[in-house]
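Observations on the model geometry
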Amino acid sequence: MRALNRRVNLVNSGQVEPPQLRRVVIVGAGFAGLAAAKELGCSSFDVTVVDRHNYHIFQPLLYQVATAGLSPADIASPIRSILSSQKNIRVVLANVSGVRVDERVVIAEDRHIPYDILILATGAQHAYFGHEEWAAHAPGLKRVDDATYLRRRILLAFEKAESEQDEVKRRALLTFVVVGGGPTGVEMAGAIAELARKALAADFRRIDPRSTRVILVQAASRLLPSFPESLSDRARHALQRLSVEVQLDQPVTACDADGVRLGERRIQAATIVWAAGVMASPAGRWLASETDAAGRVKVGADLSLANHPEIFVIGDTACCLGADGKPLPGVAPVAKQQGEFVGRLLKASENSTKERAFHYRDYGMMATIGRKSAVAQLGRIRLSGMPAWVLWSAAHIYYLIGFRNRMTVVLNWLWNYVTFQRGTRLITGMSGSRMEDMGMPAPMEPGATTTPVSGA
Ligand SMILES: Cc1cc2nc3c(=O)[nH]c(=O)nc-3n(C[C@H](O)[C@H](O)[C@H](O)COP(=O)(O)OP(=O)(O)OC[C@H]3O[C@@H](n4cnc5c(N)ncnc54)[C@H](O)[C@@H]3O)c2cc1C
């Protein structure tokens, strides 16, 4: 106490500088960054969270925004409001373009943000296996803008088919190809099939949306390769019950505005959804550090960078080996647990407690197929059909951030379950010229008779 009093007196008399809070900069407020920030809330660190969006998005439900089941606001929350009660945390809206490791500075547009400890959690983006030109024809699903763009493309395809005179072109408009048989591809294919066969079935006069072809193309020999084989088979059967055509062992060899090529075979399709590959964010380049083939930064057992114990890389951006020596998968629980671990590690280092190695607790995995079927593996327990779907729904509601979002999603799902309806069938974000680009008549002035869009 005497030593402490002496130090306080020295600080008060100006003879000694007050102790500086250690500056932690977290780049990315996805699952990983946000978990780290929450763990460091109300601690002795001065924390800055930088993100290029002002919201955190719950990516596992993005496919429902893309297929008109939910609206973007149902699955997103403002980062500032999530962290508002943590007075030691400030939020900066900016796009980070680099890190000066030697100067310990993050470059975020016109700002240079200094750090003592840096946590990079910038996630991943789509990868087209070296065919970046496919991106224009086969959009992927990663951000809110991707989901609303896909929703527009999907709904517009039906609108355009309704007024198309040419039978071949109409067939192509009513053909949807989903590339990639992982959880996102399976979920997208099931949701498009249900949208066409149930929600839109009675809304058109010239076309029958129930005749829509949904084709799920997978390069591997089975769907959901990370699941046990029996669950892959059940997922395939559930999709086939929804009339989704599952094409296995079929790597895509070309993508263009008119469809896809699978080896020598061509499928004419106006809408292609890319769910086949991801690449880590460019954090590896910023740090000039070693990465794996997917661009993920190789980190040590405590998730820090070799030779830079002050830099941590977590979530989808990191390549961290699991107990079996294989890289951990890019899923939300890994990201969340890594964020929590780094937060705890930093707090513990203040109290000199040791917890130096990250251990992933794997509670299982799930994927849903349509509005009442799913597959789930929880340790040795394997579930499918309705019980798995109930579990999947409960888990997603539980992990959604915000009471309002949880309530809205539950009500939407109940409504959809009972009525088959999709409440957010809005075609948004198009200028007149863009509509014309897609072969649609431009919107008319207010007061004139408007071009009908489907549903609410
Ligand atoms: C469509 C889809 C469905 C999925 N479904 C599931 C599922 O069912 N179950 C599951 O466990 N996982 C699922 N995942 C994977 C899961 O969402 C990711 O593993 C998880 O989001 C990774 O968290 P993260 O924090 O590493 O990255 P993200 O959640 O992607 O967050 C990265 C953050 O960094 C920000 N950022 C990126 N670059 C910059 C920059 N340069 N400057 C500033 N900010 C930047 C972004 O805006 C974002 O907020 C799905 C992913 C997708 C895309």
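Report on the accompanying structure. As the structure is a computational prediction, the values presented were derived from the model and not from experiment.

1. Brief notes about the overall build of the protein
When you go through the protein residue by residue, the secondary structure sums to 13 helices and 25 strands. The contacts in the protein between residues at least 6 apart in sequence include a share of 64% that link residues at least 24 apart. Only carbon and sulfur atoms are counted for the fraction: they give 54% of the accessible area of the protein, which is about 21,900 Å².

2. Thoughts on the packing of helix 11 (residues 385–399) against helix 12 (residues 403–419)
Contact geometry of helix 11 with helix 12 gives a least axis separation of 9 Å together with a crossing angle of 155°. Judged by the inter-axis angle, helix 11 sits roughly antiparallel to helix 12. As for how helix 11 packs across helix 12, the hand of that crossing is right-handed. Mapping the contact onto sequence places M386, W389, W392, S393, H396, I397 and Y398 in helix 11 and R406, V409, V410, W413 and Y417 in helix 12. Of the residues in the contact of helix 11 with helix 12, the class split is nine nonpolar, two polar and one charged.

3. With respect to the site of the ligand
Close to the ligand lie 27 residues; A32, D51, Q59, V96 and D316 are nearest. F31 has a polar backbone atom sitting 3.1 Å from an oxygen atom of the ligand. Calculation on the ligand without its partners gives an accessible area of 990 Å², and the protein chains cover 90% of this total. When contributions to the shell around the ligand are tallied by element, the ones reaching two or more residues are helix 2 (31–40) and helix 10 (332–350). The greatest single-element share of the shell around the ligand, amounting to three residues, is contributed by helix 10. Looking at the shell around the ligand, its residues break down into 13 nonpolar, 10 polar and four charged.

4. Some points on the pairing of strand 16 (residues 265–268)
As judged from the four bridges shared by strand 15 (residues 259–262) and strand 16, these two strands associate in the antiparallel manner. Bridge pairing links V260 to I267 in strand 16. In sequence, strand 15 turns back onto strand 16 through a hairpin of two residues, with G263 there showing a positive phi of about 60°.

5. Things to note about the pattern of salt bridges
What the rule picks out here adds up to 17 salt bridges. The residue D46 makes a salt bridge to R90 at a minimum N-O spacing of 3.4 Å. On the criterion of sequence distance, the pair formed by D46 in strand 2 (residues 45–51) and R90 in strand 5 (residues 89–93) is long-range, its members being 44 residues apart. When its relative accessible area of 46% is taken as the criterion, R90 is described as partly exposed.

6. Some remarks on helix 8 (residues 229–241)
Helix length check: helix 8, at 13 residues, gives a terminal C-alpha distance of 19 Å against a target of 18 Å (1.5 Å per residue), a fit within 8%. All of the buried residues along helix 8 are L231, S232, A235, A238 and L239. Each buried residue of helix 8 lies within a common arc of 125° when the element is viewed along its axis, so the set occupies one face. Every exposed residue of helix 8 that faces more than 90 degrees away from the buried side is listed here: E229 and R241. Lining the buried residues of helix 8 we find helix 7 (183–199), strand 12 (213–217), strand 13 (244–247), strand 24 (374–378) and strand 25 (381–384). Remark: S243 follows helix 8 within two positions and exhibits a positive phi of approximately 65°.

7. Focus on the nonpolar core
Taken as a class, soluble globular proteins show a tendency for nonpolar side chains to be buried jointly. With 120 residues, the main nonpolar core has I119 and M188 as its most contacted residues. Residue contacts for M188: discarding those within four places in its chain leaves Y63, A66, T67, L141, L150, I154, V178 and V273. Residues V179, I215, V252 and I267 belong to the second largest nonpolar core, which totals 15 residues.

8. Re the sheet that holds strand 15
The strand order across the open sheet formed by three strands is 14-15-16, and the pairing between neighbours is antiparallel. Of all the strands in the sheet, just strand 14 (252–256) and strand 16 have a single pairing partner and so form its edges. Taking the axes of each pair of neighbouring strands and ignoring which way they run, one obtains an average angle of 15° across the sheet.

9. So, the sheet that holds strand 2
Reading across from one edge, 5-2-1-9-21-20 is the order of the six strands in this open sheet, with mixed pairing throughout. Lying at the two open borders of the sheet, with one neighbouring strand each, are strand 5 and strand 20 (304–305). Contacting strand 1 (22–27), strand 2, strand 5 and strand 9 (117–120), helix 2 runs over the sheet at an angle of about 155° to strand 1.

10. Brief notes about a nonpolar patch on the surface
Together, F403, M407, V410, L411 and L414 make up an exposed nonpolar region whose accessible area comes to about 490 Å². Topologically, V410 is positioned in helix 12.

11. Brief notes about the packing of helix 5 (residues 144–163) against helix 7
For any two helices packed against each other, the geometry is given by the interaxial angle and the distance between the axes. At a minimum axis distance of 12 Å, the contact between helix 5 and helix 7 shows a crossing angle of 35°. Both helix 5 and helix 7 take part in a crossing whose hand is right-handed. Residues L150, I154, L155 and F158 of helix 5 pack against M188, I192, L195 and A196 of helix 7. Along the lines of polarity and charge, the residues of the contact of helix 5 with helix 7 split into eight nonpolar, no polar and no charged.

Scoring rules and cut-offs
Residues numbered from 1 in each chain as written. Predicted model: local features only at pLDDT ≥ 70, side-chain atom pairs only at ≥ 80, totals over all residues. Heavy atoms only, no water. Helix = DSSP H or I, 4+ residues; strand = E, 2+ residues; numbered from the N terminus. Contact = heavy atoms within 4.5 Å. Areas by Shrake-Rupley, 256 points an atom, 1.4 Å probe, with all protein chains shown as cover. Axes fitted to C-alpha atoms, helices over the stretch in contact; angles between N-to-C directions. Parallel < 35°, antiparallel > 145°, perpendicular 65-115°, else oblique. Left-handed = near helix turned anticlockwise from the far one by under 90°. Nonpolar A, V, L, I, M, F, W, Y, C, P; charged D, E, K, R; others polar. Near = heavy atom within 4 Å. Polar contact = N/O pair within 3.5 Å; in protein donor to acceptor, adjacent residues only side chain to side chain. Pairing = 2+ DSSP bridges. Salt bridge = Lys/Arg side-chain N within 4 Å of Asp/Glu carboxyl O. Buried < 20%, exposed > 50% of the residue type's maximum accessible area, 1.4 Å probe, protein only. Expected span 1.5 Å × (residues − 1). Arc of directions from axis to C-beta. Core = buried A, V, L, I, M, F, W, Y, C linked by side-chain atoms within 4.5 Å. Patch = residues over 30% accessible without salt bridge, like charges linked within 9 Å, V, L, I, M, F, W, Y side chains within 5 Å.

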